[in-house]
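This is what each chain is made of:
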Amino acid sequence: MEKKKIITRRKAIVTGLASLGGLLLAGCSKPLPPTYGNILRMGDALTYVAHRTLLPGQSLVKEYAHRDISSFPATGTTNPGDASKQFSSEDYANLHRDAFANWTLPIEGSVSRPGSYSLADLQKFPSRKQITRHTCEEGWTAIAEWTGVPLSTVLQSVGIKPRARYVCFYSYDGWIDCIDLLDAFHPQTILAYGMNGRNLPVPHGAPLRLRLETQIGYKSMKYLQKIVVTDEFVDTGDSGWAWYVGI
Ligand SMILES: Nc1nc2c(c(=O)[nH]1)N[C@H]1C(S)=C(S)[C@@H](COP(=O)(O)O)O[C@H]1N2
Ligand SMILES: [Mo]
C-alpha cells in the first residue's frame, strides 16, 4: 500500500515534468529562456516555462506590514569602494566620499532618448514603497521596506524601442545581469534608493539597487552603475548561477 503510494506520487512528478517538457518542446513556441541549451543553466528552463506559461505575467508577490520588517544581513559585496577587496572601484570610492552627489545612472542602448539620471532626477518620478521578503540562494530570507521608482516608469521615460527585449544592469563591483521585459515592467520591479525609511545604506547597494521581487535574491543587483536596453540576450554569466530563478 505504502509502496504503491510512493510509486503513484513519483509517477505524478514524472508526468508533471514530462508535461513541462512538452511545453518546452511544443514547437519551441516561446517561452524558452534565452539560456536554453546551456547545461549549467538547465534549471532556467523549468522555472521560466512554469512562470511564463502557468502564472499571469504581472501577478504580485506578497507585501508585508511594518511589524514584519526583520533584520537584514548584507551579503556579497558590501562596499565596492574598499580597495582591499577583489572587485573594488575607485570611482565608487570617490562617489561615496561625496555622498553620491555626483553619481548618475546612464540609460542607453535600444532607447529613443538615452540619458543620465542623478538621484534627484530619479526621486522626482512618482515613487513606490513595498515591504517584501528577500530570498537568498544561501538559504536565508529577510523582510524590508524598499522605496524607489518603478523601472517601468524610467523605461517609459527613455522610450524603449519596439525591438528591445532585455534590460541589462551593470554594477560598480563588476556584476552584469539582464532581465526580460516582463520582469522589467512588473509593477514591483523598482530601482530602490531607500530602505526601511532611510537612504539605501552602502552595504545594501547605495545609492541605487534593483529590487526584482519575482526572482531570487542575487538578481536584485546592488551598486547600479549603468542600464543598457538590448534587443538580444547578453549572457555574461560565468558564475554558474542560473539566469532565471523565479520564486
Ligand atoms: N552588485 C551586487 N549585487 C548583488 C550582490 C553583490 O555581491 N553585488 N549580491 C547579491 C546577493 S547573493 C544577494 S542575497 C543580495 C544581498 O543584498 P543585501 O546585501 O542587501 O542583503 O544582493 C544581490 N545583489
Ligand atoms: Mo544571495
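Overview of the structure. Nothing here was measured: the structure is a model prediction, and the numbers come from that model. (Residues numbered from 1 in each chain as written. Chains lettered and ligands numbered in written order. Predicted model: local features only at pLDDT ≥ 70, side-chain atom pairs only at ≥ 80, totals over all residues. Heavy atoms only, no water.)

Our focus in this paragraph is the state of the cysteines. Enumeration over the complete set of coordinates arrives at one disulfide. Note on cysteine connectivity: Cys168 is disulfide-linked to Cys178, with sulfurs 2.2 Å apart. Every disulfide takes its handedness from the sign of the S-S torsion; for Cys168 and Cys178 that torsion is 100°, giving right-handed. Of this pair, Cys168 sits in strand S5 (residues 166-171) while Cys178 sits in strand S6 (residues 176-180); the two residues are ten residues apart in sequence, bridging distant segments of the chain. (Disulfide = S-S within 2.5 Å. Helix = DSSP H or I, 4+ residues; strand = E, 2+ residues; numbered from the N terminus.)

What follows is about the pattern of salt bridges. If you walk through the whole model with that rule in mind, you get nine salt bridges. For the salt bridge of Arg41 with Asp235, the shortest nitrogen-to-oxygen distance reads 3.1 Å. Of this pair, Arg41 sits in the loop between helix H1 (2-25) and helix H2 (42-54) while Asp235 sits in the segment after strand S10 (224-230), placing them 194 residues apart in sequence. The exposure class of Arg41 is buried, given its relative accessible area of 6%. Put simply, Arg211 and Glu213 hold a salt bridge, and the shortest N to O gap is 3.1 Å. Side by side, Arg211 and Glu213 carry an identical accessibility label, which is buried. Because the salt bridges share partners, they merge into one network encompassing Arg52, Asp180 and Asp183. (Salt bridge = Lys/Arg side-chain N within 4 Å of Asp/Glu carboxyl O. Buried < 20%, exposed > 50% of the residue type's maximum accessible area, 1.4 Å probe, protein only.)

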